[in-house]
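Chain and residue survey
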Amino acid sequence: MKLEFSLGSLMLAACLMVAGGPAFAAKGDLKIRVPKSAPLLQGKTLDLRFAKFAQGIWVTDGGDCPAPNIDRTRAGSTLAIYRGLLEMQGRICQVYGAEREGRQTQRAALNCLMDDGGEAIQLVTVQPRGAGGLMVQEGERPPVQFRFCEQITPILQTAGD
């Protein structure tokens, strides 16, 4: 027995399968979408990096400098900011929207990858404090005062030494 299908019967079969078939979710359907900007940053000209005043390795206690590896420090005692990255113990974050440099205070929206494999989205505010100080506020938490520890040398410069 030979079955023959015409274009019309093929289209009818496809329509019936789509209309009457079960709905399936595919991998990634429930994936979180990162907003293009945090509500506090909407309508502002944004950059993808931190201001120059915030770049470097910062510590809460001057005795902790020079800082060991950031991931081996006490939680909240050390942070590193370099261009569009912020690293603290337990997470590394990438800027996806920051106010333009040239102000005394800068807000940045971050997408963070946690050491435990989770992800987080947060808003960070950085503000210089006197000579060698930086005030950092994560979201609604109270601000924390950091002291400048050292510059971060780009890897290309260290390779030439």
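Since this is a predicted model, take the numbers as computed values, not measurements. (Residues numbered from 1 in each chain as written. Predicted model: local features only at pLDDT ≥ 70, side-chain atom pairs only at ≥ 80, totals over all residues. Heavy atoms only, no water.)

Glancing now at the pairing of strand E8 (residues 133-138). Counting buried positions along E8 yields five of six residues, so the element is predominantly enclosed. Pairing geometry for strand E7 (residues 119-128) and E8, over five bridges, is antiparallel. Across the sheet, the residue bridging to Gln127 is Met135, located in E8. Between E7 and E8, which pair antiparallel one after the other, the connecting turn spans four residues, and Gly130 there sits at a positive phi close to 60°. Examined bridge by bridge, E8 and strand E9 (residues 144-150) share four bridges and lie antiparallel to one another. By the bridge assignment, Gly133 is partnered in E9 with Arg147. In this structure, the hairpin formed by E8 and E9 is closed by a connection of five residues, where Gly139 is found at a positive phi of approximately 55°. (Buried < 20%, exposed > 50% of the residue type's maximum accessible area, 1.4 Å probe, protein only. Helix = DSSP H or I, 4+ residues; strand = E, 2+ residues; numbered from the N terminus. Pairing = 2+ DSSP bridges.)

Moving on: the pairing of E7. Of the pairings in the sheet, the one linking strand E6 (residues 106-114) to E7 comprises eight bridges and is antiparallel in character. If you follow Leu110 over to E7, its bridge partner there is Gln122. Where E6 folds back on E7, the antiparallel hairpin that results is connected by four residues, among which Gly117 adopts a positive phi of roughly 95°.

We now examine the state of the cysteines. If you walk through the whole model with that rule in mind, you get two disulfides. Paired by a disulfide, Cys65 and Cys149 hold their sulfur atoms 2.0 Å apart. Disulfide Cys65-Cys149: the torsion about the S-S bond is 95°, which places it as right-handed. Of the two residues, Cys65 is situated in the loop between strand E2 (56-59) and strand E3 (78-82) and Cys149 in strand E9; the sequence distance between them amounts to 84 residues. Taking relative accessible area as the criterion, Cys65 reaches 28% and is therefore assigned partly exposed. Here Cys93 is linked by a disulfide to Cys112, with a sulfur-sulfur distance of 2.1 Å. Judged by the torsion about the S-S bond (105°), the Cys93/Cys112 disulfide is right-handed. Of this pair, Cys93 sits in strand E5 (residues 91-99) while Cys112 sits in strand E6, and the two are 19 residues apart along the sequence. (Disulfide = S-S within 2.5 Å.)

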